[in-house]
Amino acid sequence: MSPSEPSSSLSRLLYVDDDPTLTLLTRISLERVGGFTVRTCASGTEALSVVEAFAPDLILLDVMMPVMDGPATLRALRELPSLDLVPVVFMTAKVQDAEMARYRELGAADVIGKPYDPVKLPELVRAIWERSRG
Amino acid sequence: MAEPEGAAIDVARLDALRRLIGDDEFRRLADKFLADLSQRIDTMERLGAAGDVTTIGREAHTLRGTAGSYGLQSVASLAERLEAACTAAPGEVAERLRALNAGMAASIARMVAEFGLKA
């Protein structure tokens with residue numbers, strides 16, 4: 001498979017959020033309930049340093065993070081040739097229409113609103129993945 | 001017995017999660033969450049005493065998403081009101097901060113009682 005070719009299955013997720021308590025819940029949800037392989041990062045900078053080696057099928061990105069927020073991280077990710085086709089999903093408590101439109105303009109595959117149900121999150125991520133391939 | 005104000009939690013969601021991940025993992029997760037919540041009460045009290053409305057707003061925003069995802073509906077709602085006050089009604093911040101901290105304390109007690117956790 002060439003580096004920029006999208007994966008044919010969803011198994012590896014990169015989750016980026018600066019809140020360790022929510023990260024713990026999300027990781028358990030995605031790993032134990034969803035059966036995914038999950039790499040977590042506490043910042044956009046950390047995500048950029050590991051993303052190519054981890055080679056995720058999909059990236060979940062918190063919007064409001066210090067230093068490098070979600071949109072800035074997404075822009076930096078899109079500069080990496082091996083990542084240009086990997087779907088990026090924003091996760092945010094700000095889900096008003098204007099903000100949703102802005103996130104999509106930035107190139108997000110979709111937006112998951114916070115709070116979210118950890119029991120249903122894996123199913124939601126799979127549905128977004130399927131849509132992003134359509 | 002009447003539920004304490006601010007202590008509404010989504011027991012069904014937490015119980016569904018407990019069944020899926022097992023008792024041991026659930027207990028570890030819940031213990032860490034409750035410890036974090038206690039620390040957030042201290043942080044909010046300190047920020048309130050310092051009058052740092054900007055940081056209070058940011059903390060409230062984070063807490064809204066985190067507490068709500070853990071099923072603490074009242075805390076998420078109280079945090080949302082505090083976050084809104086930080087930008088639109090700074091004069092109400094102190095009162096809403098007290099309500100949030102009381103809600104967090106009540107929710108901790110409710111989770112401990114509901115799931116047999118450590119206080």
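Just so we're clear, the structure is a prediction, and the values are computed from it rather than from any experiment. (Residues numbered from 1 in each chain as written. Chains lettered and ligands numbered in written order. Predicted model: local features only at pLDDT ≥ 70, side-chain atom pairs only at ≥ 80, totals over all residues.)

1. Concerning unusual backbone geometry
Residues and elements named next belong to chain A. Rules: Each helix is a run of H or I in the DSSP string that is no shorter than four residues. Each strand is a run of E no shorter than two, and both are numbered from the N terminus. Burial in this document is a count-based property: other C-beta atoms within 10 Å of a residue's C-beta are tallied, and the residue is buried at 20 or more, exposed at 12 or fewer, or partly exposed in between, with C-beta positions derived from the backbone.
Backbone torsion omega between lysine 114 and proline 115 reads 0°, so that peptide bond is classified as cis. Phi at alanine 55 is positive, roughly 50°, even though this residue is not glycine. Considering the arrangement of structural elements, one finds alanine 55 in the loop between helix H2 (44-54) and strand S3 (58-62). The phi angle at valine 67 is positive, at roughly 65°, despite the residue not being glycine. Looking at where valine 67 falls in the secondary structure, it is placed in the loop between S3 and helix H3 (70-78). What makes valine 67 exposed here is the crowd of 10 C-beta atoms within 10 Å.

2. A look at the environment of glutamate 130 of chain A
All names here are of chain A. Residue placement: glutamate 130 occurs in helix H5 (residues 121-133). In this structure glutamate 130 comes out as exposed when scored by C-beta crowding, with 10 C-beta atoms within 10 Å. For the pair glutamate 130 and proline 115, spaced 15 residues apart in sequence, the C-alpha separation works out to 22 Å.

3. A word on the nonpolar core
For soluble globular proteins, the rule of thumb is that nonpolar side chains tend to be buried together. Condition: For this analysis, nonpolar core means a set of buried Ala, Val, Leu, Ile, Met, Phe, Trp, Tyr and Cys residues linked through C-beta atoms within 7 Å. Think of it this way: build a C-beta for each residue from its backbone, and any pair within 7 Å is a contact.
Among the nonpolar cores identified, the biggest contains 36 residues, and Ile56, Ala67, Val75, Ala79, Leu82 and Leu100 of chain B are the most heavily contacted of them. For this core, the elements supplying multiple residues, two or more each, are helix H1 (20-33) of chain A together with helix H1 (11-21), helix H2 (23-50), helix H3 (53-69), helix H4 (73-88) and helix H5 (93-115) of chain B. With eight residues, H2 of chain B is the largest single contributor of residues to this core. Not counting residues within four places of it along the chain, the set of residues in contact with alanine 67 of chain B comprises Leu72, Val75, Ala76 and Ala79 of chain B. Grouped together as the second largest cluster of nonpolar side chains are 31 residues, Leu13, Tyr15, Leu121 and Val125 of chain A included.

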